[in-house]
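# Inside the fold
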Amino acid sequence: MEENHIYQFSLLNALMDGVSEHGIRASQLSQKGNQGLGTFSRMNGELLMLEGKIYQLQAEGSVREADETDQIPFAVSTNFVPQKSELVDMKGKEAVDEVLERFYPGKKNLFVTYRVEGKFSYLNCRTVRGQEYPGQPLSELGKKQSVEEYHDISGTIIGFRTPKNWQGFGVGGEHLHFIDEGRSRGGHVLEVRAEGVKVGVAVCRSVHIELPDDEDFNKASLVTDDAGVKEVEG
Ligand SMILES: [Zn+2]
């Protein structure tokens, strides 16, 4: 993988339509960079990839290391090489946008990837519990997600900013997953506060998309539901 090129498998809209049975193997995804996020078959938990390892962030905040044969129905990844880094304070999730705007003024139409490392004074993370029946849409799963709060916890956040006009391709705006230092807790970040954490960032100008070619995907409408995405991925 070239530096800071984005690789994505499938579309967020496919998950919104409940298409999540099959995908690429974890062993394939791990060749696509040194950081990433996504989900597992039947949207069972959140995925975080960091330095060659893929973790399944499960409901109630537990973590499992993925098997090579695990199916990944949606993921975005990159070979992250930071172009800039700085120690920053984060008063909330919107601080990410402020930091990126300061680092890259006016580049709101470009993809950006980042990594935040350090001690977080507060984190609110969710994990999707997985489908109860094949084809269950993500918007429904969001209503029964597991939500955990953490205080004074050290770890790493992997993030991607997808330009807002690409809503449905991925999560328009910020998309962050967290894993703690001990690799035992984590999830999709809903809220974050921290002082003096290290943020490394890189603009990504190249996107490689690989689409599934199975019946479920081909039958899906894949129409973007902007309000629905914001509700479940906010
Ligand atoms: Zn997520």
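Criteria and thresholds
- Residues numbered from 1 in each chain as written.
- Predicted model: local features only at pLDDT ≥ 70, side-chain atom pairs only at ≥ 80, totals over all residues.
- Heavy atoms only, no water.
- Donors = N, O, S within 2.8 Å, 3.2 Å for Na, K, Ca; no water.
- Helix = DSSP H or I, 4+ residues; strand = E, 2+ residues; numbered from the N terminus.
- Buried < 20%, exposed > 50% of the residue type's maximum accessible area, 1.4 Å probe, protein only.
- Pairing = 2+ DSSP bridges.
- Axes fitted to C-alpha atoms, helices over the stretch in contact; angles between N-to-C directions.
- Phe/Tyr/Trp six-rings, centres within 6.5 Å; stacked < 30°, edge-to-face > 60°.

This part takes up the coordination of the zinc ion. Around the zinc ion, the protein supplies H175 (NE2), H177 (NE2) and H188 (ND1) as donor atoms, at distances of 2.0 to 2.1 Å. Every donor residue of the zinc ion comes from the same chain, spaced as H-x1-H-x10-H. In this pair, H177 sits in strand β12 (residues 173-180) while H188 sits in strand β13 (residues 186-204), placing the two residues 11 residues apart along the sequence. Residue H177 is classed as buried on the basis of its relative accessible area of 0%. For H188, a relative accessible area of 1% puts it in the buried group.

At E60, a position not held by glycine, the phi torsion is positive, near 70 degrees. Tracing the backbone through its elements, the reader meets E60 in the loop between β5 (53-57) and β6 (63-65).

Turning our eyes to something else, we now look at the sheet that holds strand β4 (residues 46-50). The 7 strands lie next to each other as β6-β5-β4-β3-β8-β1-β14, forming an open sheet whose pairing is mixed. The open sheet has two edge strands, β6 and β14 (207-210), and neither has a second partner. Direction aside, neighbouring strands of the sheet carry axes that sit 15 degrees apart on average. In the sheet, strand β3 (residues 35-39) pairs with strand β8 (residues 74-78) via 5 bridges, with the strands oriented antiparallel. Note on β8: the bridge partner recorded for G38 is A75.

This part takes up the packing of aromatic side chains. Counted by the stated rule, this structure contains 5 aromatic pairs. Seen in terms of ring centroids, F111 and W166 are 4.9 Å apart; in terms of plane orientation they differ by 80 degrees. Their pairing is edge-to-face. You can see F111 sitting in strand β10 (residues 111-127) and its partner W166 sitting in the loop between β11 (146-162) and β12, a full 55 residues away along the chain. A relative accessible area of 5% places F111 in the buried class. With relative accessibility at 32%, the residue W166 sits in the partly exposed group. Measuring from ring centre to ring centre gives 6.5 Å for Y150 and F178, while their planes differ by 40 degrees; the resulting arrangement is tilted. In this pair, Y150 sits in strand β11 while F178 sits in strand β12, placing the two residues 28 residues apart along the sequence. The pair Y150 / F178 is uniform in exposure class, with both members buried. Here a set of aromatic residues connected by ring pairs shows up, and it is made of F111, W166 and F169.

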